[in-house]
Amino acid sequence: MLVKNSSCTDRYASTREFSQSKTECYNTTITNIAPTNQPNEFEGLPKLYDGTFVQGSVLYSMSLSPSNFDIGNESLFGSSAVDYDYVIISIESIMLNLNTDVVVYSQTFDGIIISPEKESIQIIDLVFDQPIKIKSTSTYEVALTTTHSYPPVQMSGEAIEIKQVSCENGSTECSSFLKVWNKLVSDQVNSGCSRTDVEFTALKLCFGNFFGAPQVVRNPKSHVGEIDQTVTLDCIIENVEFYEWYKNGDRIPNANSPTYRVLLDQGQNQGDYTCSGYRSQDGENAVSDVATVLITGLSTFRVNVTFNNISFEEKYGDKKSSGFQNFTDELRVSLKISIPDVSDIVVTSLKPGSVIAEIEFYFNQNQNISTYSSMINDSLISLQGYDTDPGSIVVTSISSCIGEDLVINGTLYSFPDVPLGVTADSIQDCLLYSHQYMTVPLATRFCKGNFISGAKWDPVVITECYIEYTRLDEIEVTENNVYVVADALAEFTNDTEVLNESSVDSVAIILEDIVNLENPNEIITSNVVEVVDNIIHSGMIDSSMRETASSFVTSLERQLATVAAAGMNFSSVQPHVGVVTLAVTPESLQNGLAYVAFSDADSLKEAFEPTDVNIHYDNENIPFNAVGASIALPPEIILIGKTQTGIDEIRVYFTVYQNSFLFISDNLVNASGKDFTRQVGSQIISASLEAVKIDGLVTPIHLAFLPRNEISNNNTECVFWDFSLYDGVGDWSSEGCELNETTDGRVVCLCDHLTNFAILVDYYEPKEAYNALSVISLLGCIVSIVCLAATIATYLYFKQLRSKRPKKILINLSLSLLLLYLVFAIGIDQTGSRNGCITVAALIHYFGLASVFWMSIEAVNMYIMLVKILHGEIRYFMLKACVAGYGFPLIIVAICLIVDVDLYANKNYCFIPSGSLRKFGFILIIGVLMMFNYVVFTLVMRTLICRPKIGNKVEKRDEVIKHLQNAFAVSVLLGLTWVFGFLAIDADSTSRDVFQWLFSLFNSLQGLFIFLFFCVRQKDIRDAWKSIFKESDKSKNVKNTTDTGSSKVKDDNVEMRYNGETKLTI
């Protein structure tokens, strides 16, 4: 809660007024303490002050005056601080009881701002965050050190002031006074005021009367110091009187202040330190977190060991007894003889159970921790005169985690010895990857723990390694790094932006090296499959890279053969390739074995889903009408496999490719003619038996394929990829395969052999119709671009023509169509750049939807004017129309791009590829809007036609002609010709060709029709242009273009009535 400064000032003043009303309950005094030495000649050394404080007083602040600072000493610092407007300093304060040599308090005061001019420096009060209660009258030393200053500043030799409170303990009246004071202070804090009386905190400590639970404010921090260094531990606990310090759970004598200093002169001073604060008021206390103190370079071990030949005696339990001392001295001498490198040995306890000894070993670190651990274990086992139980030896490293080697998912990770609290990097680095020109470790691991529990490793954190594509040729695959290389290669190929012809060649070579190691590990195999899938998805292999493409197929086959040879079952389905290896018994193959890639009922999927590819153990019950590609092996292979291998188990592996991207054929190019193209017309599927050659089967292998396009048996051929052709690169061959039948739209092939990869079918694709439609579409787009530009220019040039709502809608519709045609004509074939092609596809998607939305907005406007007949202006109609016409398509396209930008990727042309995006993000939306437009079209035409017929036959015939003209004009505005595209989707070949021609003709020329009906055919527009060329008065001519006749009613949108009849002006 924030409170105005004036309110907080008032509250504080009220509290101060009350506190000073009972000064007899506490006396505030100031003690001046003088320095004990001359000003330091070097910055950073402490200035020492001595003073005597009496028992029962509480110190709560220290004051420094201008004379305490030596500023601007050019002889010491080389520059003058007087040149600065202010100086920022930090001061460390340590208070030492000279009688007991115990540090009773330490604190660092940061951010002290002073002016270089001494006369302008105000008195600086440094308030202690924890008041210091003096338990005995003694001489105390205060050391002040400037730990940080800019510009340099040091302490001078003047005295400092210590403020303190002396209390009247035991007074009932003063105790009541303190309670009221506490309420006033609490109200201040609860109201959001941070300023409180330091005297109040001191008085609570005086009386031992607290109004809150003990709470740790500052925990001591862990330290790793050099030998003979002194480290200071600070601990602040609110609402307590007394402090105690503990080491490894044991209380430290005479450690009774918030500060404790540890001299690291021997290994035994290492340990876990905690402080505890308590009070006599109610006995409550609070304990700090553990602070671990270690010595740099000193390896510490705690060992538990049992000596079976020694009976435990009561004197062994007392560390001060001569029995304990004699036993431990003898044990230490014996161990030092067997471990000459040890710095010190301390027996910390002896317990019953024969004798169980807890021993600490200290080594000056010049060997690794593992060596020391083994040395301790061996020396205890071989210790003369002690029957050591080897199974009882537990060696725990206290100061460091012991380095170790781990194998995770087949990858070796080696970690060195590291001190407690340090994160270790693995010895292994990421291959060919650096960050800011520094190597990146393959993994990291944190060494956690404390002195009691010992050092323990956290779980391994594996680094996301990448491969720098410029260094691909440097990779050398070995048994030790194959897991890392395979994983990094899969990650690398997943980024299509870094792939090019050169890097794809390098990836193929690396993949061959991985496969050559013949490691059947599942993770390696998964990465191999992923690499092949990524290469297919990238589209970075062209017809000139036949050997590289064939290499990917061969590498995948060889890896699957390695897995099958190991008798492992493995399965993976990626978007463009699916694989499976099986080790099956003859009994499970009695009804055959089939590998099936399922599809939609009548079309192949653009990408495999994990559930699309399955194994079937009954060839007769395969759901044939859902097959995309299948291969069924007859039971005969059982006998053949057993004969050739001598084992009953059948080891088989299958592969299915979504497309023929990796199967680049010279034969198909040579087989193509002037009027057709020979292509692979299906998915590609294969089966192989490990170490078994299958050919000349009596019962043939059954293959079934769903063609990508409509085919006839006259140009369909069953083939397989024959690696014996073209020096092992391979090509299509039909030897041993024949076309059997076409059933349910599936082509059935019979083959008498198994090869590495059995290819399914191919087909002819006529070019003529496609080329003709492309030419018509392109020419139509060019004509429409010119006509739409002329239409927009006309309506924008003549202001009076664009004042009405129908004309504004027409302008926006024309603009959307113009941009659609422009992007289509310029970018549809720009497949050279993947990102550029995706951009074009997204723009076509957007402007296509925008055009149809504006057609539907035109439909809404016609309905309002001609069917519902609303004469009043609809508020913000055009603003709402623009939001719908441009905003809704933008939202749809943006969502599609965010979900998966690759949905727009198409290597054939820059348009939305067939799939869910085209179906649901484009065709479905257009279909719904077209249905709406057809409904409006029907209502509008009924309004125009269903009216009283007047006049003779000639007039009625003219009216029928006008109705037809109006119908065609309205259909142009509403885009009804788009229906031809929908009719072409599921039609048979003959009707589909007709609808495709109609769709291409009418839609590409929609801009021309708009220009003819809404520019050329409009008399007012013709007259307006004529007036420009005749240099006559435009406004007069435009005005005279309006129809003359009997009275009529007009609004701002359309001419509605003519001689009492409804009239649509087109």
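About the thresholds
Residues numbered from 1 in each chain as written. Predicted model: local features only at pLDDT ≥ 70, side-chain atom pairs only at ≥ 80, totals over all residues. Heavy atoms only, no water. Helix = DSSP H or I, 4+ residues; strand = E, 2+ residues; numbered from the N terminus. Expected span 1.5 Å × (residues − 1). Buried < 20%, exposed > 50% of the residue type's maximum accessible area, 1.4 Å probe, protein only. Contact = heavy atoms within 4.5 Å. Polar contact = N/O pair within 3.5 Å; in protein donor to acceptor, adjacent residues only side chain to side chain. Axes fitted to C-alpha atoms, helices over the stretch in contact; angles between N-to-C directions. Parallel < 35°, antiparallel > 145°, perpendicular 65-115°, else oblique. Left-handed = near helix turned anticlockwise from the far one by under 90°. Nonpolar A, V, L, I, M, F, W, Y, C, P; charged D, E, K, R; others polar. Salt bridge = Lys/Arg side-chain N within 4 Å of Asp/Glu carboxyl O. Disulfide = S-S within 2.5 Å. Pairing = 2+ DSSP bridges.

Peer 1: Any details on helix 8 (residues 501-516)? Residues and values, ideally.
Peer 2: Compared with the 22 Å implied by 1.5 Å per residue over 16 residues, the 23 Å span of helix 8 between its first and last C-alpha is a close match. All of the buried residues along helix 8 are Ser-503, Val-504, Ser-506, Val-507, Ala-508, Ile-510, Leu-511, Ile-514 and Val-515. Residues of helix 8 that are buried in the fold lie against helix 7 (482-493), helix 9 (522-538) and helix 10 (546-565). The backbone nitrogen of Ser-502 has a side-chain oxygen 3.2 Å away, supplied by the residue at the start of helix 8, namely Asn-500. Once helix 8 ends, the next one or two residues include Glu-518, with phi positive near 55 degrees.

Peer 1: Could you give an account of the packing of helix 8 against helix 10, with specific residues and numbers?
Peer 2: It is at 9 Å that the axes of helix 8 and helix 10 come closest, and there the two elements cross at 20 degrees. Accordingly, the angle class assigned to the pair helix 8 and helix 10 is roughly parallel. Of the two possible hands of crossing, helix 8 and helix 10 adopt the one that is left-handed. Contacts from Val-504, Asp-505, Val-507, Ala-508, Leu-511, Glu-512, Val-515 and Asn-516 of helix 8 reach helix 10 at Thr-548, Ser-551, Phe-552, Ser-555, Arg-558 and Gln-559. Taken together, the residues of the contact of helix 8 with helix 10 sort by class into six nonpolar, five polar and three charged.

Peer 1: Pulling in residues and values, what's your account of the pattern of salt bridges?
Peer 2: According to the stated counting rule, one finds 17 salt bridges in the structure shown. In this structure, the salt-bridge partner of Asp-612 is Lys-605, at a minimum N-O distance of 2.9 Å. You can call Asp-612 buried: its relative accessible area is 5%. Where Arg-651 meets Glu-649, a salt bridge forms, and the shortest distance between an N and an O atom there is 3.0 Å. One network of salt bridges, with partners in common, ties together Asp-329, Arg-332 and Asp-344.

Peer 1: Any details on the state of the cysteines? Residues and values, ideally.
Peer 2: A full pass over the atoms with the stated rule returns five disulfides. Note that Cys-401 is cross-linked by a disulfide to Cys-447, the S-S spacing being 2.1 Å. Residues Cys-401 and Cys-447 are joined by a disulfide whose S-S torsion is about 90 degrees; by sign, that bridge is right-handed. Placement of the pair is Cys-401 in strand 25 (residues 400-401) and Cys-447 in strand 32 (residues 443-450), with a sequence separation of 46 residues. Just as Cys-401 is buried, Cys-447 falls in that class too. Through a disulfide, Cys-718 is tied to Cys-749; the S-S separation comes to 1.8 Å. Here the disulfide of Cys-718 and Cys-749 is left-handed, its torsion about the S-S bond being about -75 degrees. Pair noted here: Cys-718 is in strand 44 (residues 717-718) and Cys-749 is in strand 48 (residues 746-751), with a separation of 31 residues, a long-range link.

Peer 1: Kindly report on the packing of helix 14 (residues 805-827) against helix 15 (residues 834-868), identifying the contributing residues and their values.
Peer 2: Where helix 14 contacts helix 15, the axes come no closer than 9 Å and their chain directions differ by 160 degrees. Accordingly, the angle class assigned to the pair helix 14 and helix 15 is roughly antiparallel. In this structure, the crossing between helix 14 and helix 15 has a hand that is left-handed. A per-class count over the contact of helix 14 with helix 15 returns 19 nonpolar, six polar and two charged.

Peer 1: Outline the sheet that holds strand 21 (residues 298-307), supporting the account with residue identities and numerical values.
Peer 2: Spatial ordering of the open sheet is given by 22-23-21-24, a layout of four strands whose pairing is antiparallel. Looking at the sheet topology across the chains shown, the edges are occupied by strand 22 (342-352) and strand 24 (394-397). Strand-to-strand, the axes of this sheet are offset by a mean angle of 20 degrees, without reference to chain direction. Direction of pairing for strand 21 relative to strand 23 (residues 355-364): antiparallel, over a ladder of ten bridges. The partner of Thr-306 across the bridge, within strand 23, is Ile-356. Sheet strands touched by helix 5 (residues 322-338): strand 21, strand 22 and strand 23. Its angle to strand 22, the strand with the most contacts, is close to 140 degrees. Sheet strands touched by helix 6 (residues 369-381): strand 21, strand 23 and strand 24. Its angle to strand 21, the strand with the most contacts, is close to 25 degrees.

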